[in-house]
Amino acid sequence: MDEADEADGTGEAGEVCDLVTVPARQGLEAVDILRRGAPSVGPVLHDDAGGTLGFVVPPGTAADWDVPGSACTRTDGRGLRLPAAPDGDHGTAPEPPVPGSGWLLPPADTDPVTDPALLREALDEAARLLRAADNCR
């Protein structure tokens, strides 16, 4: 990893990140869409109740986030940090950084963060697919 990766927050575990939260149904569709194209999805959290998913995105994403039905939480260097796996323990997912959540896709198994532009496209496509499925009932 180079210094630029560390500076922009897209690098190693322990970096500050923003979090895009969406309803679980749309989020699961978006995960499938992102993994079908190029495996370009970063860590994804789920709440214990199963109602929402949270996509880890680079810091600063919240400033321009405007996708209907979702929210992006700005951390400003004081919020969400991707936890590092314990030294020498690369097969175990670290504890989720948000209380009451778990990993759908843990940091060790994914890209460092999800690209916001790709996430926006995947969420839009997921919303269209869900509307079409709901209209067929």
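Described below are features of the structure shown in this document. (Residues numbered from 1 in each chain as written. Predicted model: local features only at pLDDT ≥ 70, side-chain atom pairs only at ≥ 80, totals over all residues. Heavy atoms only, no water.)

1. A word on the pairing of strand 1 (residues 18-23)
- Looking at chain direction, strand 1 and strand 3 (residues 52-57) are connected through six bridges and run antiparallel. Looking at the pairing, Thr21 lines up with Gly54 of strand 3.
- As paired strands, strand 1 and strand 4 (residues 71-73) are joined by three bridges and run antiparallel to one another. Among the inter-strand pairings, Thr21 is bridged to a residue of strand 4, identified as Ala71. (Pairing = 2+ DSSP bridges. Helix = DSSP H or I, 4+ residues; strand = E, 2+ residues; numbered from the N terminus.)

2. Regarding the sheet that holds strand 3
- In spatial order, the strands read 4-1-3-2-5; together these five strands make up an open sheet with antiparallel pairing. Of all the strands in the sheet, the pair left with one neighbour each is strand 4 and strand 5 (101-105). Each strand axis lies, on average, 30 degrees off the axis of its neighbour in the sheet, ignoring direction.
- Along the sheet, helix 2 (residues 24-37) makes contact with strand 1, strand 2 (44-47), strand 3 and strand 5, crossing strand 3 at roughly 45 degrees. (Axes fitted to C-alpha atoms, helices over the stretch in contact; angles between N-to-C directions. Contact = heavy atoms within 4.5 Å.)

3. A short note on helix 2
- In this model, helix 2 (14 residues) spans 20 Å end to end at C-alpha, consistent with the 20 Å of a helix rising 1.5 Å per residue.
- If you check which residues of helix 2 are buried, you get Ala24, Gln26, Gly27, Ala30, Val31, Ile33 and Leu34.
- Residues of helix 2 that are buried sit in contact with strand 1, strand 2, strand 3, strand 5 and helix 3 (116-135). (Expected span 1.5 Å × (residues − 1). Buried < 20%, exposed > 50% of the residue type's maximum accessible area, 1.4 Å probe, protein only.)

4. Here we look at the packing of helix 2 against helix 3
- Between helix 2 and helix 3, the shortest axis-to-axis distance is 8 Å and the interhelical angle comes to 120 degrees. Viewed along their axes, helix 2 and helix 3 adopt a mutual orientation that is oblique. You can see that helix 2 and helix 3 cross each other, and the crossing is right-handed. Facing helix 2, whose interface residues are Arg25, Gln26, Glu29, Ala30, Ile33, Leu34 and Arg36, helix 3 presents Leu118, Leu119, Ala122, Leu123, Glu125, Ala126, Ala127, Leu129, Leu130 and Asp134.
- In terms of residue class, the contact of helix 2 with helix 3 is built from eleven nonpolar, one polar and five charged. (Parallel < 35°, antiparallel > 145°, perpendicular 65-115°, else oblique. Left-handed = near helix turned anticlockwise from the far one by under 90°. Nonpolar A, V, L, I, M, F, W, Y, C, P; charged D, E, K, R; others polar.)

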